[in-house]
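Notes for the structure review
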Amino acid sequence: MSLLGLLHDYTIQNVAIGAALLGLISGVLGSFAVLRKQSLLGDTMSHAALPGVCIGFIVAGAREMGIILLGALTTGALAALVMLLLTRNSRLKTDAGLGITLSTSFALGVVLLTHIQNMNNAAQGGLDAFLFGQAAATLRGDLWIMGGITVAALALVIALWKEFKLVSFDPEFAASLGMPVMWLEVILTVMIALAVVVGLQMVGVVLMAAMIIAPAVAARQWSHRLEGMVMLAAVIGVSGGVFGAVLSALSRGLATGPLIILSVSSVVMVSLLLAPGRGFVWEGVRLWRGRRRLRYQQVLTTLYRLAVHHADPVFRSEQGMLDTYHGHRTRAALRQLQKRGLVEWRSAPPDEPGGAKHWVLTASGFEEAKRILDSLGQEER
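These numbers come from a predicted model, not from an experiment.

Further remarks concern the domain arrangement of the chain. Assigned domains within the chain: domain 1 (3–278) and domain 2 (282–376). On a C-alpha basis, the centroid separation for the pair domain 1 and domain 2 is 59 Å.

Have a look at this one:
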């Protein structure tokens, strides 16, 4: 099937739209979770949503998406609130609270799922797909539910933008201004639970954590402001979701959910490697330049100290002596200093026996070395 034919396919349209909605809400809300250092919160709530899925099915007696998602939202938000209470009112750290809540909730969900499978209810078919997602089963009615949740979450972010921004960066200062920090954190937590609910059908409870974190992590490498980070995370989430959905349609037999996660994760890897000023490649280049500059400065200051020690600004230093002093070859560094006009490769005077060439500081090299040593002295003081 051609790409144009795929875009007119009803099922693929549903999957692509659902993936776009998931990427949009995940990118926006995941940015706040990453900035609040609660990246595992999405993992906890996604696993905690499984008991809600099972309870919703038991209450409805059938695979009613609205009731199932409501149950998932309830248990996911409840688990997150329990985690907040544990960390605020006990000595548990955030990671320990997340771990306890995640494991307990997921264990309860597995028990309930096993119970449902033993009920001999014909409507239970496909319920276990919520573990890893079943994007192809997305219906147009499901999209209306997902779209409504996404619009509600984005509207709340816009309405409370300043408050969320301040709480994410400096909750103590927000509390000093009289803001209800705890309630704002609760609202943010419940909204992340909304994002988890939107993604259950697409990627499942196991992979949903990556969808919450990945777009925000990628955007954080490229942006220095919250506004830019949130917008870029939304774009990355939507693009990765749609690309993964289309790739799954082109590659028959490959699951949509994992391909969506891999698509977004590939953007994360590229961002970690190539983001200007923050990527590993840029950091490696910066370190290499810094080490090279340090070698040049060490050789230059060595020539300066020799000149000062001998009370001769044009004291001639042998290449072999410099190599021995530094413990490695210094010719490359000296050549670079020569190109910059800081040293000269000067011949010995005619009346001197041997007539070998030596390295000599120029006037600008002498002043540059003096400046470097003066700045180091000021730092030490």
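Among the nonpolar cores identified, the biggest contains 78 residues, and Leu29, Leu127, Leu200 and Met202 are the most heavily contacted of them. Among the elements that make up this core, the one with the highest residue count is helix H9 (residues 181–200) (12 residues). Leu200 has contacts with Ala49, Val53, Leu69, Ala72, Phe130, Gly133 and Val205, leaving out every residue within four places of it along the chain. Counting 20 residues, the second largest nonpolar core, distinct from the first, contains Tyr296, Tyr304, Ala307 and Phe315.

Throughout the structure, instances matching the rule amount to 4 aromatic pairs. Seen in terms of ring centroids, Phe32 and Phe164 are 5.9 Å apart; in terms of plane orientation they differ by 70 degrees. Their pairing is edge-to-face. Of this pair, Phe32 sits in helix H2 (residues 10–35) while Phe164 is found in helix H7 (residues 161–169), placing the two residues 132 residues apart along the sequence. There is no split in this pair, since Phe32 and Phe164 are both buried. Judged by centre distance (4.7 Å) and plane angle (40 degrees), the rings of Trp345 and Trp359 are tilted. Within this pair, whereas Trp345 is found in strand S1 (residues 343–346), its partner Trp359 is found in strand S2 (residues 358–361), the two being separated by 14 residues in sequence. Feature note: the residues Phe32, Trp161 and Phe164 constitute an aromatic cluster, connected by ring pairs. The ring centre of Trp345 lies 5.9 Å from the NZ or CZ of Arg331, which sits over that ring.

What follows concerns the pairing of S2. Side chains His358 and Val360 project from S2 onto one buried face, and the interleaved Trp359 and Leu361 project onto a second face that is buried too. Inspection of the sheet shows S1 paired to S2 by 4 bridges, in the antiparallel sense. When the bridges of S2 are listed, Glu344 appears paired with Val360.

Looking now at helix H15 (residues 331–339). Those residues of H15 that sit buried are Ala333, Leu334 and Leu337. Within H15, the buried residues cover an arc of 100 degrees as seen down the axis, which keeps them to one side. Across H15 from its buried face, at more than 90 degrees, point the exposed residues Ala332 and Lys339. Buried positions along H15 lie against helix H13 (280–309), helix H14 (319–326), S1 and S2. Just beyond H15, the residue with positive phi is Gly341, at close to 75 degrees.

Calculation notes
Residues numbered from 1 in each chain as written. Predicted model: local features only at pLDDT ≥ 70, side-chain atom pairs only at ≥ 80, totals over all residues. Heavy atoms only, no water. Domains from an automatic or database assignment. Core = buried A, V, L, I, M, F, W, Y, C linked by side-chain atoms within 4.5 Å. Buried < 20%, exposed > 50% of the residue type's maximum accessible area, 1.4 Å probe, protein only. Helix = DSSP H or I, 4+ residues; strand = E, 2+ residues; numbered from the N terminus. Contact = heavy atoms within 4.5 Å. Phe/Tyr/Trp six-rings, centres within 6.5 Å; stacked < 30°, edge-to-face > 60°. Lys NZ or Arg CZ within 6 Å of the ring centre and 35° of its normal. Pairing = 2+ DSSP bridges. Arc of directions from axis to C-beta.

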